[in-house]
Amino acid sequence: MSNYHIKNLEEYFQVYNKSVREPETFWEEIAEEHFLWRKKWDKVLSWDFKKPEVKWFENAKLNITENCLDRHLATRKDKTAIIFEPNDPNEKSEHITYGQLHERVCKMANVLAENGIKKGDRVCIYLPMIPELAISVLACARIGAIHSVVFAGFSSTALATRVNDSDCKMVITSDGSYRGKKQIDLKGIVDTALEECPGVETVLTVKRTGAEINMKDGRDKWLAPLLEQASATNIAQEMDAEDPLFILYTSGSTGKPKGMVHSSGGYMVFAAYTFKNIFQYQEDDIYWCTADIGWITGHSYIVYGPLLNGATTLMFEGVPTYPDAGRFWQVVEEHKVNQFYTAPTAIRALAKASVDFVNKYDLSSLKVLGTVGEPINEDAWDWYNINVGDGKCPIADTWWQTETGGIMISPIPFVTPTIPTFATLPFIGIQPALMDAEGNEIKGNGVQGRLCIKFPWPGIARTIWGDHARYRDTYFAAYQDKYFTGDGAKRDPVGYYRITGRVDDVIIVSGHNLGTAPIEDAINEHNDVAESAIVGFPHDIKGNALYGFVILNEERETEDNDQLRKEINQEITAQIGPIAKLDKIQFVPGLPKTRSGKIMRRILRKIAADDAKDLGDISTLLNPEVVQEIMDDAL
Ligand code: WT7
């Protein structure tokens, strides 16, 4: 018998130790007992972090949607799979049973196939948080097409880059979307993007807002009439365990986003197993993760993890503050939510509003709380614990990444004693290591270093789409035979981990992973800009906000500095999206650089944080005099 559901700390240690001592046996038992395979594997694991190459469940055959849907039909046909809660609280929510979801996914799968999509083709999904988003994801998986969901807050330029990088043949979108009071012209954004995307043959469009849109002849089709005619029978495509299931883009240290590729078999096992244990899901529970399916959190813990476990998962279309700061809590009360998973940035924003917005609602259904996306500060943790959890719900501070596919370090609720701001212990099967600057592993407790993982787990991304060399260089080159996360961490005297934040050029703003390079590229597009550097600085709601240091051309067209700031942010919104806008923009005569020409962000970070007392040794800079000038004008 495998330990699918950990019940106490002793069992955690026992299972953890087994998963480290005999990882193949451990994962084989989990895979064998809890999933439906068309054919079992020849070998559980082959790996070589030098190449790098990782293969789990080699030569096994499956389809993940048979595991998410078909196998539940015998026992859970009438159980709710998805609760859809619309943006507008006056619009009725929708309950979709496993039986209905199965039928809708089969129909959608047939529509995709009838529109020329075959196994291995890439399909870009650019939709708001409506049921069709989850259904499109599953329909792609059903026919073996590789889905690439692009968060529907990204701009047309960002969308075009992602569509082209993976040669998507089709885009699935909607006429428009609702976000709080705002209506967004999604189809218009798609139309602009597709001017640059010659490879897209078909656009399937969901009617959501009823906004007036253009339909391009021969390319654009309304989805509803196609679904009406589609057959409700669909035989799932047989996939190899290592066939790609999806691509999901994350930003990196160059302007080009990285298309992380996840596998069919290993990802399935890891998403399902982590979901079951970390949310302590019980058969009749209602589970809600507030993320968007455009991020990995939504892939693993709104769609795949919950459905693989036959859970009821809530999809929320709106925003936390519409119509007011009580919306999350109103939804918890209305649907009697048992597990609630959100981001520290949302908690901080809601903690700013009156606590009456929380106290107005009955939150007694809650059993487990979770957070993800960035380090959570102690105030936010305490507010969440007391006001939302009433001091009775364990908080799972879950550390993981787009690249890891699932949760890597987290307390197991009711099992692992929690400490505010600590992600606590590695999850079963995860072997973290802290490394020093010389590349040696730091052993023992009460230490701090760069966080690596030294053994493969089933959910690890297998490559970067079209650029395996970049995959190697980004994750496997810094430390020999280890996956480097890009984060720093402390291990306290009892072995608990506390993530201290990124150690590379990635800044986490409101839980979104933003690379400095693409934002700087966008700023530099402005005619008056010569060069720029951006850094993060502490912000009480967003965690980090962006501070831009910008060198202007000597002969500038726009003399008005405020106008320039506005235009720079417009440029960023157009290239990336509003999430990457700068809070502060300082015009500077130069940027501190090393002799090899690398911008010393460390110095800029200190100036931005108003903490420039001790800048360390700046004498090795190419232009140390510029530092004082920047400090004098700091915002
Ligand atoms: C980066 C990954 C995983 C889904 C959301 C973000 C930071 C994530 C935590 C946490 C401290 C965290 C890390 C990580 N991060 N969770 N609980 N505590 N930091 O996915 O966009 O790939 O970003 O988010 O810096 O490397 P992502």
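What counts and how
Residues numbered from 1 in each chain as written. Predicted model: local features only at pLDDT ≥ 70, side-chain atom pairs only at ≥ 80, totals over all residues. Heavy atoms only, no water. Pairing = 2+ DSSP bridges. Helix = DSSP H or I, 4+ residues; strand = E, 2+ residues; numbered from the N terminus. Near = heavy atom within 4 Å. Polar contact = N/O pair within 3.5 Å; in protein donor to acceptor, adjacent residues only side chain to side chain. Areas by Shrake-Rupley, 256 points an atom, 1.4 Å probe, with all protein chains shown as cover. Nonpolar A, V, L, I, M, F, W, Y, C, P; charged D, E, K, R; others polar. Axes fitted to C-alpha atoms, helices over the stretch in contact; angles between N-to-C directions. Parallel < 35°, antiparallel > 145°, perpendicular 65-115°, else oblique. Contact = heavy atoms within 4.5 Å. Core = buried A, V, L, I, M, F, W, Y, C linked by side-chain atoms within 4.5 Å. Buried < 20%, exposed > 50% of the residue type's maximum accessible area, 1.4 Å probe, protein only. Patch = residues over 30% accessible without salt bridge, like charges linked within 9 Å, V, L, I, M, F, W, Y side chains within 5 Å. Salt bridge = Lys/Arg side-chain N within 4 Å of Asp/Glu carboxyl O. Lys, Arg positive; Asp, Glu negative; His and termini not counted. Charge placed at Lys NZ, Arg CZ, Asp CG, Glu CD. Phe/Tyr/Trp six-rings, centres within 6.5 Å; stacked < 30°, edge-to-face > 60°. Lys NZ or Arg CZ within 6 Å of the ring centre and 35° of its normal.

Engineer: Account for the sheet that holds strand S23 (residues 447-453), naming residues and giving values.
Structural biologist: Spatial strand order, S22-S21-S23-S25-S26: 5 strands in an open sheet with antiparallel pairing. The two strands at the open ends of the sheet, each matched to only one other strand, are strand S22 (441-442) and strand S26 (497-502).

Engineer: So, the site of the ligand: which residues are in play, and what are the values?
Structural biologist: In the vicinity of the ligand lie 17 residues, with Asp 397, Thr 398, Thr 402, Asp 487 and Arg 502 positioned nearest. Between Gly 373 and the ligand, the recorded distance is 3.1 Å, taken from a backbone N or O atom to a nitrogen atom. In this structure, Asp 487 approaches the ligand through a side-chain N or O atom, which is 2.5 Å from an oxygen atom. Burial of the ligand by the protein amounts to 95% of the accessible area it has alone, namely 560 Å². Listed by contribution, the elements that provide at least two residues to the shell around the ligand are helix H11 (296-308), strand S20 (395-398) and S26. Taken together, the residues of the shell around the ligand sort by class into 7 nonpolar, 6 polar and 4 charged.

Engineer: Account for the packing of helix H13 (residues 344-352) against helix H15 (residues 378-388), with residues named and values stated.
Structural biologist: Contact pair H13 / H15: the axes reach a minimum separation of 9 Å and the direction vectors enclose 75°. Classified by the angle their axes make, H13 and H15 are roughly perpendicular. On H15, the residues that touch Ile 347, Arg 348, Leu 350 and Ala 351 of H13 are Ala 380, Trp 383 and Tyr 384. Residue composition of the contact of H13 with H15, grouped by class: 6 nonpolar, no polar and 1 charged.

Engineer: Hey, could you go over the nonpolar core for me, with residue numbers and the actual values?
Structural biologist: Counting 120 residues, the largest nonpolar core has Trp 37, Phe 57, Leu 101, Leu 112, Tyr 273 and Tyr 304 as the members making the most contacts within it. Ala 158, Val 171, Val 529 and Leu 564 belong to the second largest nonpolar core, which has 38 residues in total.

Engineer: Explain unusual backbone geometry to me, and be specific about the residues and the numbers.
Structural biologist: Of note, the amide linkage connecting Lys 51 to Pro 52 takes the cis form, showing an omega dihedral of -10°. For Pro 52, the position within the fold is in the loop between strand S1 (43-48) and strand S2 (53-58). Following Tyr 322, the chain continues to Pro 323 via a peptide bond in cis, the omega torsion being -5°. The residue Pro 323 is located in the loop between strand S17 (312-316) and helix H12 (327-335) in this model. Here the phi dihedral of Lys 336 falls at roughly 50°; this positive angle occurs in a residue that is not glycine. Within the chain, Phe 414 stands out as a residue other than glycine whose phi angle is a positive 70°. Overall, the relative accessible area of 53% leaves Phe 414 in the exposed class.

Engineer: Provide a residue-level description of the environment of Arg 348, including the pertinent values.
Structural biologist: Residue placement: Arg 348 occurs in helix H13. Residue class for Arg 348 comes out buried when judged on its relative accessible area of 8%. The contact partners of Arg 348, leaving out residues within four places of it in the chain, are Glu 374, Pro 375, Asn 377, Ala 380, Asp 540, Ile 541, Lys 542 and Gly 543.

Engineer: Describe a negative patch on the surface, with residues and values.
Structural biologist: Side chains of Glu 625, Glu 629, Asp 632 and Asp 633 sit close together on the surface and give a patch of like negative charge. Mapped onto the secondary structure, Glu 625 falls in helix H20 (residues 625-632).

Engineer: Give a detailed account of the sheet that holds strand S18 (residues 339-342), specifying residues and quantitative values.
Structural biologist: The 7 strands lie next to each other as S5-S4-S17-S16-S18-S19-S20, forming an open sheet whose pairing is mixed. The open sheet is flanked by strand S5 (94-97) and S20, the only strands paired with a single partner. Neighbour-to-neighbour, the strand axes of this sheet turn through a mean angle of 20°, independent of strand direction. Note: strand S16 (residues 286-289) against S18, 3 bridges, orientation parallel. When the sheet's bridge partners are listed, Trp 288 is paired in S18 with Phe 340. Lying over the sheet, H12 contacts strand S4 (80-85), S5, S16, S17 and S18, oriented at roughly 145° with respect to S4.

Engineer: Talk me through the packing of aromatic side chains; I want residue IDs and the actual numbers.
Structural biologist: All chains considered together, the criterion is met by 47 aromatic pairs. A centroid spacing of 5.9 Å and a plane angle of 65° characterise the contact between Phe 26 and Tyr 273, whose relative ring orientation is edge-to-face. Taken together, the residues Phe 26 in helix H2 (residues 23-34) and Tyr 273 in helix H10 (residues 265-278) connect sequence positions 247 residues apart. On the basis of relative accessibility, which here comes to 0%, the residue Tyr 273 falls in the buried class. For the pair Phe 316 and Phe 328, a centre-to-centre distance of 6.2 Å together with 75° between the ring planes defines the contact as edge-to-face. With Phe 316 in strand S17 and Phe 328 in helix H12, this pair connects stretches of sequence that are 12 residues apart. When its relative accessible area of 3% is taken as the criterion, Phe 328 is described as buried. Grouped by ring-pair contacts, the aromatic residues Tyr 4, Phe 26, Trp 27, Trp 37, Trp 41, Trp 56, Phe 57, Phe 270, Tyr 273 and Phe 427 constitute a single cluster. Here Arg 498 stacks its cationic end above the ring of Phe 422, 5.7 Å away from the centre of that ring.

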